[in-house]
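In case you want the letters, here they are:
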Amino acid sequence: MKEQKNILTDTFKRKHTYLRISLTERCNLRCTYCMPAEGVPLSPKSHIMTFEEIYTIAKTFVSHGVTKIRLTGGEPFVRKDASVILSKLASLPVEIALTTNGITIDRYITLLKENNILNINVSLDTLIQSKFKEITRRDKFDKVYSNILLLVENGFNVKINAVLMKDFNDDEIIDFIELTKDLPISFRFIEFMPFDGNKWDMKKMVSYAEVMQKVKANFSEEKIVRLQDAENDTSKNYKIKGYSGSFAIISSVTNPFCDSCNRLRLTADGKLKNCLFSNTESDILTTYRDGKSIEPIIQKAVLGKYKVRGGMDTLEKLQEPKLHLQNRSMITIGG
Ligand code: SAM
Ligand code: SF4
């Protein structure tokens with residue numbers, strides 16, 4: 001009998017073992033690179049997955065080979081039932097990780113530990129309070145910074161995500177790396193990516209090459225250690241000799257990591273995106289609510305995945321507003 005192909009393997013033989021689930025489109029910050037100033041039109045509550053739906057859909061993915069689920073948003077902790085969702089998903093045979101802006105995570109330390117959710121990514125784009133307010137449109141720097149320290153004290157594996165933008169925070173690259181001297185964190189520099197309404201301009205982006213130029217101008221060659229990247233890692237990892245932590249660069253724009261991509265994304269309203277840059281989506285939730293099997297929809301979405309960056313395989317295409325403006329704002333995709 002002909003063996004049935006795994007529904008999570010695409011036409012380029014990439015196996016999708018990593019699912020990112022957005023729990024909500026809402027957020028308690030308003031980061032300029034993530035959402036337009038006027039906000040985003042929110043889906044009615046009835047269109048957002050309930051915790052039972054999240055659990056059942058996630059279980060289907062796990063049964064087909066997903067081994068890691070990352071919860072994101074919007075801000076995952078603005079959902080009132082975040083604790084229930086975390087505990088339910090933690091009962092599945094899968095690694096659970098979280099991406100958060102860190103504002104309220106101090107309330108969840110015990111719950112996270114109890115459920116063995118130890119890998120936490122926190123977004124922080126500057127170490128200067130006034131700049132934090134400018135970029136997030138909210139005055140929460142102290143809270144986020146003290147919560148990062150709290151996570152480290154409590155033994156979590158903490159990664160900090162900073163989106164680099166020219167003339168905003170590119171002058172802080174070395175200060176960010178200096179944080180890793182005493183803190184056992186990984187500081188990750190993310191190239192600024194285009195989404196609907198974030199006024200993307202290639203000139204604002206700080207590339208992998210530019211980050212490394214600054215690093216090399218500041219540290220001698222023998223102090224900069226290239227670390228082994230984990231399998232399917234989207235980042236290139238380094239450390240400064242003698243420092244407790246490390247740093248990394250996520251170069252989705254100048255150096256995409258599509259060849260080894262193992263990710264799928266489920267939006268809070270139950271749409272499957274086969275790529276962060278893709279402007280098409282597959283409606284899993286409606287199919288599920290209609291009582292039909294979601295597996296054929298998942299397989300079709302996986303088989304439709306482009307080789308590179310949702311079909312934008314050159315930087316010229318990425319700079320074509322027509323192509324990326326049909327994509328949602330990052331806040332409604334889930335980073
Ligand atoms: N609210 C949570 C947070 O900020 O970590 C989770 C959701 S947020 C959309 C997930 C990640 O997407 C964050 O690390 C954020 O920095 C990143 N992000 C948002 N907009 C981006 C953009 N235009 N380019 C690159 N990364 C972006
Ligand atoms: Fe909210 Fe995260 Fe987007 Fe900032 S990056 S607006 S914290 S979802």
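The structure reproduced in this document is the subject of the present report. Note that the structure is a prediction, hence the values are computed from the model and not measured.

A word on the overall build of the chain
At step 1: The helix and strand inventory of the chain stands at 12 helices and 12 strands.
At step 2: The C-alpha radius of gyration of the chain comes to 19 Å, within 12% of the 20 Å expected for a compact globule of 335 residues.
At step 3: Seen along its three principal axes, the alpha-carbon backbone of the chain occupies a region of about 60 × 45 × 45 Å.
At step 4: Going through the 335 residues of the chain one by one, you find that 53% of them count as buried.
At step 5: In the chain, 73% of the contacts between residues at least 6 apart in sequence involve partners at least 24 apart.
At step 6: As presented, the chain carries roughly 15,300 Å² of accessible surface, and 51% of it is formed by carbon and sulfur atoms.
At step 7: Charge-centre separation for the chain: the mean point of 50 positive side chains lies 3 Å from the mean point of 41 negative side chains.

A look at unusual backbone geometry
Phi is mostly negative for residues that are not glycine, and the peptide bonds are mostly trans.
At step 1: For arginine 137, which is not glycine, the phi dihedral falls at a positive 60°.
At step 2: Turning to its location among the elements, arginine 137 is positioned in the loop between α4 (129-136) and α5 (141-153).
At step 3: Phi is positive for asparagine 232, which is not a glycine, with a value near 60°.
At step 4: Considering the arrangement of structural elements, one finds asparagine 232 in the loop between β7 (224-226) and β8 (235-240).

Examining the site of ligand 2
At step 1: Around ligand 2 lies a shell formed by Cys27, Leu29, Cys31, Tyr33, Cys34, Met35, Gly74, Asn101 and Ile331.
At step 2: For the shell around ligand 2, the residue count by class is seven nonpolar, two polar and no charged.

Focus on the pairing of strand β3 (residues 95-100)
At step 1: Of all six residues that make up β3, five are buried, and the element is covered over most of its length.
At step 2: As paired strands, strand β2 (residues 68-72) and β3 are joined by four bridges and run parallel to one another. Of the residues in β3, the one forming a bridge with arginine 70 is alanine 97.
At step 3: In this fold, the crossover linking β2 to β3 by way of helix α2 (residues 82-90) has right-handed handedness.

Quick word on the sheet that holds strand β1 (residues 18-22)
At step 1: One open sheet accounts for 12 strands, arranged β7-β8-β9-β6-β5-β4-β3-β2-β1-β10-β11-β12; its pairing is mixed. Each edge of the sheet is formed by a strand with only one pairing partner; in this case those strands are β7 and β12 (282-283).
At step 2: Bridge count for β1 against β2 is five bridges, and the pairing is parallel. Each residue of the ladder has a partner; that of serine 22, found in β2, is threonine 72.
At step 3: Packing against the sheet, helix α1 (residues 51-63) makes contact with β1, β2, β10 (263-266) and β11 (271-273), and its axis sits at approximately 170° to β1.

Regarding the packing of aromatic side chains
At step 1: Applying the stated rule across the entire model yields nine aromatic pairs.
At step 2: Relative to phenylalanine 187, the ring of phenylalanine 176 has its centre 4.5 Å away and its plane inclined at 20°; by these criteria the two rings are stacked. Of this pair, phenylalanine 176 sits in helix α6 (residues 173-179) while phenylalanine 187 sits in strand β6 (residues 186-191), and the two are 11 residues apart along the sequence.
At step 3: For phenylalanine 187, a relative accessible area of 0% corresponds to the buried category.
At step 4: Taking 5.5 Å as the distance between ring centres and 15° as the angle between the ring planes, the aromatic pair formed by tyrosine 238 and phenylalanine 247 counts as stacked.
At step 5: Every member of this aromatic cluster is reached through a ring pair, and the members are Phe176, Phe187, Phe189, Tyr238 and Phe247.
At step 6: The side chain of lysine 131 reaches across the aromatic face of phenylalanine 168, ending 5.4 Å from its centre.

Definitions and cut-offs
Residues numbered from 1 in each chain as written. Chains lettered and ligands numbered in written order. Predicted model: local features only at pLDDT ≥ 70, side-chain atom pairs only at ≥ 80, totals over all residues. Heavy atoms only, no water. Helix = DSSP H or I, 4+ residues; strand = E, 2+ residues; numbered from the N terminus. Rg over C-alpha atoms; globule rule 2.2 N^0.38 Å. Buried < 20%, exposed > 50% of the residue type's maximum accessible area, 1.4 Å probe, protein only. Contact = heavy atoms within 4.5 Å. Areas by Shrake-Rupley, 256 points an atom, 1.4 Å probe, with all protein chains shown as cover. Lys, Arg positive; Asp, Glu negative; His and termini not counted. Charge placed at Lys NZ, Arg CZ, Asp CG, Glu CD. Near = heavy atom within 4 Å. Nonpolar A, V, L, I, M, F, W, Y, C, P; charged D, E, K, R; others polar. Pairing = 2+ DSSP bridges. Right-handed = clockwise from strand over helix to strand, strands pointing away. Axes fitted to C-alpha atoms, helices over the stretch in contact; angles between N-to-C directions. Phe/Tyr/Trp six-rings, centres within 6.5 Å; stacked < 30°, edge-to-face > 60°. Lys NZ or Arg CZ within 6 Å of the ring centre and 35° of its normal.

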